[in-house]
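# Notes for the structure review
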Amino acid sequence: MVAHVMLARVKRDTTGSLATLGPADEADLIARCKADDRSSHDELYHRFRRQVAGNLYRVLGDRTDLDDLVQEVFVIAFRGLERFRGDARLSTWLYRICVNVALGKIRTRKRRPAAIGVADLDATSADPSLIERPETPDRALERRQDQERVYKALELLAPKKRIVLYLHEIEGLDLKQIAYLVDSNPVTVRTRLFYARREFYRIIAGEPPPDKLPADEGDDR
Amino acid sequence: MSGHVAPHRWADLWAGRVGDPERTVMERHAERCRACARERQRVTRASDSFAAIRTQSSPDVSWDAVRARVHWSVSTQRRAALRRPRPAYGWLAAALATGVAIAMISGPAPTWSPVVAPVARHEVRSPPVAPAALVGLVSRASGDVMVDGVRPADLFARSLTTGSRIATADGRVDIQFGDNSAFALGPRSTIELRRFDAQTIELAVDGTVDVAVAPRAGGQRFLVAAGDHVVEVRGTQFRVTHDGSSTSVACRHGLVAVSDDRGKVLVGAARRVHVASGSPVSSEHVVALSSDELTTLAEATPLALPLWDPVALAQRSAPLEIATSGRRDVRVDGIELGLAPLRVRVMPGRHTVETADSAGRFRRAGWVDVAAAPQGVRLDVPAEPPPTSGISERRRQLRTRIDQPRLGRCMRSIAKAGLTGTYVQVEIAVDARGAVGFLNVIDSDLPSATASCVREVLAGVRFGAGAAATWREHIDL
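Residues numbered from 1 in each chain as written. Chains lettered and ligands numbered in written order. Predicted model: local features only at pLDDT ≥ 70, side-chain atom pairs only at ≥ 80, totals over all residues.

### A short note on the overall build of chain A
Each helix and strand in chain A was counted, giving 9 helices and 0 strands. Ordering the α and β elements of chain A from the N terminus gives α-α-α-α-α-α-α-α-α. For chain A, the proportion of contacts with a sequence separation of at least 24, taken over those separated by at least 6, is 69%. (Helix = DSSP H or I, 4+ residues; strand = E, 2+ residues; numbered from the N terminus. Contact = placed C-beta atoms within 7 Å.)

What follows is the structure in structure tokens.
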């Protein structure tokens, strides 16, 4: 199911002429990449670059350093392909790397806070097929403010809680899928999600954020 | 519920995760409590924005720069790993000096043995080793292809070596002979592999040949003989056209040297030279390529499989034949291969085939499972249905008459798993009486069981009498 959901996401994210890879083609591509074939590296990059950039962009909510982060994901992927056992789809595995890279970025940002560039979210329009009628300026402003509020609230959460909450509430993944992506077990994810939701919606509702809860401990290790 | 509602419960309510009794209590409370109503509104607005965030597409990144940096990082690491550690000459010298010093301090002066006269040594010269023979394999073919005067049934299994002679009729044939190295023989052309080894490749062409050759190592030569002109390169993509009256060489990238017994001229990227037979080559004949000519050259790039191992390829790959009723552009696994009908070498596994319709849009023609077998697999692509009128009316009927509750039941398990934004694409034909001729699911991101269920629902739609129509429908679920 994890692979299936991710596959659906790949289909949604890839644009243009690149067809979605079937399992056999994927295995072939991985084998060629492992054989150090430059052209297959390029092929993998071309097939998944938009998915990777999209994932990072949505998790982080801004495009600051997006080039560097995309680069980091692919460098980790190419270096780690030898260890890729094929127990998940390639897209899922890349998503997992994206999550880890994003987590690292969030932690760095926590240490060196930067302006939240959520305004970027409007720079690229949403999927045109999902827009039924042209948006009024008022509505666009409202939507932008709502998104800003969401990302500002996410910024206040501990990194691990933020990732779990993002994957569940925004990406709509279930506990098992999240557990795979964050390399944890579903019970831990459930606990983390429980506290994350409580905290996040308190912030959204305008209540003062609660004191650090036990689940925060070790988050920034 | 006596107290206030926790904010996250409003999110649960929004997501439909609250039972009816509790929902009623929460809503009644919100009517009485202004603070909770305000909190509910804020939470709902935030939850509403999730969908917009989820559908944000990726912004454009400096794709090429990132790719170059990725490649540089990965290759630098590999090179560092491959580089042999330098011998520790410093330690060796220090140890030697220490040893000599100790010997001089502690021991008597060394007595040197008489110098032995050197013995004359005869160097044994090994005989020159013949360069390894190269093998070419057909990677794509269309139309009639003759090898050594016959039309081989096993064209894709045949190894092409020195002395092989290939000829084409109306189609073309692509032959790969190394990593990123291949040539494609155009229509009504002949090529002879005069020399085909690791040291020298010499091709004699009559007609048109497109060549893409990876950079040659030092000492390696790549020559194309076209009449009394010789084209030599080190690593490039170019086209040579030779007929009885002239020779033309167009270079897409790299550098090509065209020579005859009277001179030599260099042809750079995006330039071409045209020389009449009997005339000496001269730099005056070199002109820039037009954008159309460059596009034609790019489209004619010979097909080279990314993994080059002739033995493994001959054993493991197989030809895929794509048969179309007319000449149609075809794409396999997203890679455009030109006009079908054609045969192409593929690796075992499932391959998606798309063909272009009359408007030039690529549509999925089907997928095919290919096993490693010399006979390969054939995929017959049905003719494009003739354009029909009345599609909009039939489409409206389909949309309005879908049994929504039944469709909802099909999608229930998917919705519970949190999977949204799914779709199904079908091709459907309805005749004038309203009978469904065929209904095929062309594409979907649903599991097969759910897609079948959706198909059944769509098949249950009753159309009235009207214009016959065949169309493709993309339905978001």
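### Side note on the interface of chain B and chain A
The interface of chain B with chain A comprises 48 residues on the first partner and 63 residues on the second. For the side of chain B that touches chain A, the secondary-structure elements that each account for two or more residues are helix H1 (7–15), helix H3 (34–54), helix H4 (63–82) and strand E20 (349–356) of chain B. Per-element accounting of the side of chain B that touches chain A gives the leading share, 11 residues, to H3(B). Grouping the amino acids of the side of chain B that touches chain A by side-chain chemistry returns 20 nonpolar, 18 polar and 10 charged. (Nonpolar A, V, L, I, M, F, W, Y, C, P; charged D, E, K, R; others polar.)

### Re the sheet that holds strand E17 (residues 328–332) of chain B
All names here are of chain B. Spatially, the 4 strands line up as an open sheet ordered E18-E17-E20-E21, and their pairing is antiparallel. In this open sheet, the two strands that pair with only one neighbour each are strand E18 (335–340) and strand E21 (362–370). For this sheet the average axis-to-axis angle between neighbouring strands, irrespective of direction, equals 30°. Bridging between E17 and E18 involves 5 bridges; their strand directions are antiparallel. Residue pairing across strands places Arg 328 opposite Ala 340, the latter belonging to E18. (Pairing = 2+ DSSP bridges. Axes fitted to C-alpha atoms, helices over the stretch in contact; angles between N-to-C directions.)

### Regarding the packing of helix H9 (residues 186–205) of chain A against H3(B)
Between H9(A) and H3(B), the least distance of the axes is 8 Å, while the angle of their chain directions is 115°. Classified by the interaxial angle, the pair formed by H9(A) and H3(B) is roughly perpendicular. Taken as a pair, H9(A) and H3(B) cross one another with a handedness that is right-handed. Here Tyr201(A), Ile204(A) and Ala205(A) of H9(A) come into contact with H3(B), specifically with Glu39(B), Arg42(B), Val43(B) and Ala46(B). Split into classes, the residues belonging to the contact of H9(A) with H3(B) amount to 5 nonpolar, no polar and 2 charged. (Parallel < 35°, antiparallel > 145°, perpendicular 65-115°, else oblique. Left-handed = near helix turned anticlockwise from the far one by under 90°.)

### Some details on the packing of H1(B) against H3(B)
Residue and element names in this part refer to chain B. One way to put it is that H1 packs onto H3 with a least axis distance of 9 Å and a crossing angle of 55°. When the axes of H1 and H3 are compared, the pair comes out oblique. As for how H1 packs across H3, the hand of that crossing is right-handed. Contacts between H1 and H3 involve Pro 7, Trp 10, Ala 11 and Trp 14 from the former and Glu 39, Arg 40, Val 43, Thr 44 and Ser 47 from the latter. The residue makeup of the contact of H1 with H3, split by class, is 5 nonpolar, 2 polar and 2 charged.

### Points about helix H3 (residues 38–60) of chain A
Of all the bends in H3(A), the greatest, near 50°, is centred on Phe48(A). With its phi angle positive at about 80°, Gly61(A) sits one or two positions after the end of H3(A). (Bend = angle between axes of the 7 residues up to and from the residue.)

### So, the environment of Arg49(A)
Here Arg49(A) lies in helix H3. We classify Arg49(A) as buried; it has 23 C-beta atoms within 10 Å. In this structure the C-alpha to C-alpha distance between Arg49(A) and Val73(A), which are 24 residues apart in sequence, comes to 9.6 Å. Every residue in contact with Arg49(A), bar those within four places of it in the chain, is listed here: Val70(A) and Trp63(B). (Buried ≥ 20, exposed ≤ 12 C-beta atoms within 10 Å, placed from the backbone.)

### Focus on the sheet that holds strand E24 (residues 436–444) of chain B
Residue and element names in this part refer to chain B. With respect to topology, 3 strands assemble into an open sheet ordered E24-E23-E25, the strand pairing being antiparallel. Only two strands of the sheet have a single neighbouring strand rather than two, namely E24 and strand E25 (469–476). For this sheet the average axis-to-axis angle between neighbouring strands, irrespective of direction, equals 20°. With 8 bridges connecting them, strand E23 (residues 423–430) and E25 associate as antiparallel partners. Looking at the pairing, Ala 429 lines up with Thr 470 of E25. The strands that helix H8 (residues 391–401) touches are E23 and E25; relative to E25, the one it contacts most, it runs at about 40°. Its contacts with the sheet place helix H10 (residues 448–459) against E23 and E24, and it is angled at close to 150° to E24.

### Observations concerning helix H9 (residues 404–416) of chain B
Residues and elements named next belong to chain B. For H9, with 13 residues, the first-to-last C-alpha span of 17 Å sits near the 18 Å given by 1.5 Å per residue. Of all the bends in H9, the greatest, near 45°, is centred on Cys 410. Just downstream of H9 lies Gly 418, where phi reads positive at about 85°. (Expected span 1.5 Å × (residues − 1).)

### Some details on the confidence of the model for chain B
Confidence along chain B averages 82 in pLDDT terms, with 87% of residues attaining 70 or more. Every residue in residues 107–120 of chain B scores below 50 in pLDDT, and together they form 0 contacts with partners more than four places removed in sequence or on other chains. (pLDDT = per-residue confidence, 0-100.)

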